[in-house]
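The primary structure of each chain is shown beneath.
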Amino acid sequence: MAKGITRQRIVEAALDVLDEAGADAVTVRAVASRLDVKAPALYWHVNGKQELLDEMGTEIQRRVIASSAPRPGASTLESLGEYARALRREYLVHRDGARTFSGTRLTDPDVLRAQEPWLEAWTAGGTPLETAVDAAELVTAFVVGFVIEEQERSQSAQKDPERYDPERRDAFIGEHAPLVRRTGHLRSDPQERFETQLAMVLAGVATSLAP
């Protein structure tokens, strides 16, 4: 085992690789090079790329939970909203964050157990466990999809600043679809769109939580 190599150092190096070169660049070999060791040294800690991604996703979820723990007296909807905002913040910190961390398996039982206070609070308020899980998964899916689109558009616009220019889009569509043309001018600040659409998602969740 290489001296000084820990899972935490591996995760930090993997996040650095992700931020510099994107999701496709994250490999055991690339992370080993970042740590100035040979790839076999990392196999004491991770079995391959998927386990590496799982460790990265676990670290992100650890941070999300730490920054969005349910407040005493907060409603289920309030807790879900705070969780959604924390998840988006953590995804946006890292290049390709939503695409990289979605679908990963949590590898730390403490991170899994940290979900217990959320579930206790929601079920104590009368929400069936199955409904609470469905609501959390729905909100998670919304955040993942929103941030994937947000990050992909941002990165594409950096390469081609005119890629999403509404005037170019209008000319491409032509004169015979005025409502479609208008949609290209409705895109507001991503933060505003996120809050608007999150409110719509939570309104749908509220109907499922109603007695």
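Bear in mind that the values here come from a model prediction, so they are computed numbers and not experimental data. (Residues numbered from 1 in each chain as written. Predicted model: local features only at pLDDT ≥ 70, side-chain atom pairs only at ≥ 80, totals over all residues. Heavy atoms only, no water.)

## A look at the environment of Gly81
Next, step 1: Structurally, Gly81 is set in helix α5 (residues 76-93).
Next, step 2: Distance from Gly81 to Ser68, taken between C-alpha atoms, is 9.3 Å for residues 13 residues apart in sequence.
Next, step 3: Non-local contacts of Gly81, meaning those with residues more than four positions away in its chain, are made with Leu198 and Leu202. (Helix = DSSP H or I, 4+ residues; strand = E, 2+ residues; numbered from the N terminus. Contact = heavy atoms within 4.5 Å.)

## What about the pattern of salt bridges?
Next, step 1: Within the structure shown, the criterion is met by 17 salt bridges.
Next, step 2: Note that Glu150 and Arg88 form a salt bridge whose closest N and O atoms lie 2.8 Å from each other. Here Glu150, found in helix α9 (residues 129-159), pairs with Arg88, found in helix α5; they are 62 residues apart in sequence, far enough to count as distant.
Next, step 3: Using a relative accessible area of 14% as the deciding quantity, one classes Glu150 as buried.
Next, step 4: We note a salt bridge from Glu149 to Arg153, for which the minimum N-O separation is 3.9 Å. (Salt bridge = Lys/Arg side-chain N within 4 Å of Asp/Glu carboxyl O. Buried < 20%, exposed > 50% of the residue type's maximum accessible area, 1.4 Å probe, protein only.)

## Points about the UniProt feature "domain: HTH tetR-type" (unreviewed entry) in the protein
Next, step 1: Taking the numbering used here, the UniProt-annotated feature "domain: HTH tetR-type" (unreviewed entry) corresponds to residues 4-64.
Next, step 2: As annotated, residues 4-64 comprises 69% helix and 0% strand, and the C-alpha atoms at either end are separated by 27 Å. (UniProt positions renumbered as here; feature names shortened; annotations may be inferred.)

## Overview of α5
Next, step 1: Its 18 residues place the ends of α5 26 Å apart at the C-alpha level, agreeing with the 26 Å of an ideal helix rising 1.5 Å per residue.
Next, step 2: Those residues of α5 not exposed but buried are Thr76, Ser79, Leu80, Gly81, Tyr83, Ala84, Ala86, Leu87, Arg88, Glu90 and Tyr91.
Next, step 3: In this fold, the buried residues of α5 make contact with α4 (49-67), α6 (97-101), α8 (116-124), α9 and α12 (190-209). (Expected span 1.5 Å × (residues − 1).)

## Some remarks on the nonpolar core
Next, step 1: In this structure, Val31, Leu42, Met56, Leu80, Tyr91, Val139 and Val143 are the most contacted members of the largest nonpolar core, which totals 49 residues.
Next, step 2: Beyond its immediate sequence surroundings of up to four residues, Val31 is in contact with Ile10, Ala13, Ala14, Val17, Leu42 and Leu52. (Core = buried A, V, L, I, M, F, W, Y, C linked by side-chain atoms within 4.5 Å.)

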